[in-house]
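# Residue-level structural notes
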Amino acid sequence: MPPAAERAPRCWLAAGRASRRLVLVVVFVALLLDNMLLTVVVPIVPTFLYTTEYEGANSSVAPARTEPAPPASKAPPFSSMFSYFDNTTVTVSGSTSTVDLANGMESSHPLQPPASSPPLPSGCPGGEEFLANENVRVGLLFASKALVQLMVNPSVGLLTNRIGYHIPMFIGFVIMFLSTVMFAFSGTYALLFIARALQGIGSSFSSVAGLGMLASVYTDDFERGNAMGIALGGLALGVLIGAPFGSVMYEFVGKSSPFLVLAFLALLDGALQLCILQPSKIFPESTKGTPVFTLLRDPYILVAAGALCFSNMGVAMLEPTLPIWMMQTMCSPKWQLGMAFLPASISYLIGTNLFGILANKMGRWLCSLIGMAVVGISLLCVPLAKNIYGLIGPNSGLGFAIGMVDSSMMPIMGYLVDLRHTSVYGNVYAIADVAFCMGFAIGPSTGGAIVRAIGFPWLMIIIGVINIAYAPLCCYLRNPPAKEEKIAILSQECPMETKSYTTQKTLRDFPLTDDSDVEAENAE
């Protein structure tokens, strides 16, 4: 092979490792796969548990309760009488009465006694009590991922400050691959729970390291906002594909098939990371980042984190409860349980890409305020749906509004660190991911219990009102003040105005002269 041909792949790799766009592609793919795995289980787990536990238990008990029918050849005593009046034989026992006439045979069947409960409509699952309990169990299973991620995130933030972002990204890929394979071959609730919790660890490494890497590569606030919007588009695309893909594959191919496809895509993502990120090298931050607890005492960061938490809590509550509510009230088949989330996913994809650019012009705080208000209104409209078509409007508004909040708040978190703290982003995006995970931990775990206690419509009212009430707090992010040592950063063009304080009295030059007092008075 000629030397030029040998050098070509090396030159391509060197150029790729220096390219910000390829870093963005790596983060995009990682968030895509993470959120595909996050949502692909949403339509699968409720129906899988119902099929394996409720229907399996009933099918095994049913034969034991069935009494054997008496032999047809052996008639019970006094089972018939012969009438000499009209030469007929009348059967007086059994479930039917048969009249054998001398000139022929006629059969008549009496009406069956009414059933104890009215029959369910075609396609509606039985076991109301089982489905009510399943709300809680499925909610805890879904919340396990966010709970584990919540605990791991601060450690990952500290780790990225010490060794850089590349190795944690690759660790996230390895754990995500193991979790996906475990989902494919898990057949019990306990194994599914462990696989979901394992996914939380991998997701923590991928999301914190990925978003921190983007913030460190895109230093300009305008470019960073666009890059975050594209990366969150990968998150939205994963949510978009995951639930419909899972429901269709589960219905027509089998439970393991969607997870095996995701495992193959994860291998491709790992190969891309090996080529671009060089995860064997350590790239520590040149400056020490602001401690997590210092950032948590910043009220502006807390307001931004709260917006991320409550806006995503709405869709987190829908994930375990909406499919079961559809099974109970709409008698929906399996494939519709995932398709119900399709409008929300499409509109989220549009919202993140659209407002990644528009938020710069209209103000990110205003985008977040409007988005949280629309989230609340959309959640209030969800229980009004009578069929899957009635869910299109509320879910579309929900997804679009969450896209507005996410694409505005993620760049704000990085901007607040630039403005008020040290420009090292691992810890602040750990906080952002903690807020995101709190929504997905509190939402499913409490949502199932609330549905069991007071019903699905009241759950939507509660979380909808919370979002509407929280929205005005986004006004505090309109003019965040800068610390004195960070005033130099304000020379960059930023979408948010900042406050700085100067003395009112004009300072005099040194050394002082006899005319300095007169000059100062004239200046005033």
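Let me begin by describing the structure that accompanies this report. (Residues numbered from 1 in each chain as written. Predicted model: local features only at pLDDT ≥ 70, side-chain atom pairs only at ≥ 80, totals over all residues. Heavy atoms only, no water.)

The next thing to look at is the overall build of the protein. Along its length, the protein carries 17 helices and four strands. Of all intrachain contacts in the protein linking residues separated by at least 6 positions in sequence, the fraction that spans at least 24 positions is 82%. Roughly 25100 Å² of accessible area belongs to the protein as shown, and the carbon and sulfur atoms make up 66% of that amount. (Helix = DSSP H or I, 4+ residues; strand = E, 2+ residues; numbered from the N terminus. Contact = heavy atoms within 4.5 Å. Areas by Shrake-Rupley, 256 points an atom, 1.4 Å probe, with all protein chains shown as cover.)

With that settled, the discussion passes to the packing of helix α10 (residues 299-329) against helix α14 (residues 392-420). For the pair α10 and α14, interaxial distance at closest approach is 9 Å and the crossing angle is 150°. Relative to α14, α10 is oriented roughly antiparallel. As α10 runs across α14, the sense of the crossing is left-handed. Contacts between α10 and α14 involve Tyr300, Ile301, Ala304, Ala305, Ala307, Leu308, Ser311, Asn312, Val315, Leu318 and Leu322 on the former and, on the latter, Asn395, Leu398, Ile402, Val405, Asp406, Met409, Met410, Ile412, Met413, Leu416 and Arg420. Its residues assigned to classes, the contact of α10 with α14 shows 17 nonpolar, three polar and two charged. (Axes fitted to C-alpha atoms, helices over the stretch in contact; angles between N-to-C directions. Parallel < 35°, antiparallel > 145°, perpendicular 65-115°, else oblique. Left-handed = near helix turned anticlockwise from the far one by under 90°. Nonpolar A, V, L, I, M, F, W, Y, C, P; charged D, E, K, R; others polar.)

The subject of this paragraph is the pattern of salt bridges. Two side chains carrying opposite charge are able to pair once their charged atoms lie near each other. Using the criterion set out here, one finds one salt bridge in the structure. Note that Asp298 and Arg420 form a salt bridge whose closest N and O atoms lie 2.8 Å from each other. With a gap of 122 residues between them, Asp298 in the loop between α9 (292-296) and α10 and Arg420 in helix α14 connect regions that are remote in the sequence. The two residues Asp298 and Arg420 agree in class, both being buried. (Salt bridge = Lys/Arg side-chain N within 4 Å of Asp/Glu carboxyl O. Buried < 20%, exposed > 50% of the residue type's maximum accessible area, 1.4 Å probe, protein only.)

Next up on the list: the nonpolar core. Core analysis: the biggest nonpolar cluster contains 106 residues, and Leu322 and Tyr429 have the highest contact counts within it. Looking at which element gives the most residues to this core, the answer is α10, with 17 residues. Setting aside residues up to four positions removed in sequence, Tyr429 forms contacts with Val208, Leu211, Gly212, Ala215, Arg224, Met228, Met410, Pro411, Met413 and Gly414. (Core = buried A, V, L, I, M, F, W, Y, C linked by side-chain atoms within 4.5 Å.)

Its place among the elements puts His421 in the loop between α14 and α15 (426-454). Judged by its relative accessible area of 9%, His421 is buried. Among the polar contacts listed, one links the side chain of His421 to the side chain of Asp298, at a separation of 2.7 Å. (Polar contact = N/O pair within 3.5 Å; in protein donor to acceptor, adjacent residues only side chain to side chain.)

Quick look at helix α2 (residues 20-40) now. For an α-helix, the turn length of 3.6 residues means that residues three or four places apart are oriented alike. In a regular helix each residue adds 1.5 Å, so 21 residues correspond to 30 Å; α2 covers 30 Å between its end C-alpha atoms and thus fits that length. With 15 of 21 residues buried, α2 lies mostly within the body of the structure. (Expected span 1.5 Å × (residues − 1).)

In the structure shown here, the tally under the stated rule is six aromatic pairs. When the centroid spacing of 5.2 Å and the interplanar angle of 50° are considered together, the rings of Phe310 and Tyr470 count as tilted. Taken together, the positions of Phe310 in helix α10 and Tyr470 in helix α16 (residues 456-470) put the pair 160 residues apart, joining distant regions of the chain. Exposure remark for Tyr470: the relative accessible area of 13% places this residue in the buried category. (Phe/Tyr/Trp six-rings, centres within 6.5 Å; stacked < 30°, edge-to-face > 60°.)

Before going further, it helps to spend a moment on the packing of α2 against helix α8 (residues 256-276). The interhelical angle for the contact between α2 and α8, taken along N-to-C directions, is 160°, at an axis separation of 10 Å. Considered as vectors, α2 and α8 are oriented roughly antiparallel to each other. As for how α2 packs across α8, the hand of that crossing is left-handed. Residues Leu22, Val25, Val26, Val29, Ala30, Leu33, Met36, Leu37 and Val40 of α2 pack against Pro258, Phe259, Leu262, Leu265, Ala266, Asp269, Leu272, Gln273 and Ile276 of α8. The class makeup of the residues in the contact of α2 with α8 is 16 nonpolar, one polar and one charged.

So, about a nonpolar patch on the surface. A surface patch of nonpolar side chains, amounting to about 740 Å² of accessible area, comprises Ile377, Leu380, Ile454, Trp458, Ile461, Ile462, Val465, Ile466 and Ile468. Top element by residues in the nonpolar patch is α16. It accounts for six residues. On the secondary structure map, Trp458 appears in helix α16. (Patch = residues over 30% accessible without salt bridge, like charges linked within 9 Å, V, L, I, M, F, W, Y side chains within 5 Å.)

Tracing the backbone shows Thr188 in the loop between α5 (166-185) and α6 (189-217). With 139 residues separating them in the primary sequence, Thr188 and Leu49 have C-alpha atoms 8.0 Å apart.

As a further point, take α8. When the terminal C-alpha atoms of α8 are compared, their 31 Å separation across 21 residues agrees well with the 30 Å that a helix rising 1.5 Å per residue should span. Among the residues making up α8, those that are buried are Ser257, Pro258, Phe259, Leu262, Ala263, Ala266, Asp269, Gly270, Gln273 and Ile276.

Let's shift gears to the side chain of Thr321. Looking at the element boundaries, Thr321 is found in helix α10. One polar contact links the side chain of Thr321 to the main-chain carbonyl oxygen of Met317, over a distance of 2.5 Å.

On to the environment of Ala143, then. Here Ala143 lies in helix α4 (residues 128-163). Residues Ala143 and Arg196, 53 residues apart in the sequence, show an inter-C-alpha distance of 8.7 Å. Ala143 has contacts with Phe440, Ala441, Pro444 and Ser445, leaving out every residue within four places of it along the chain.

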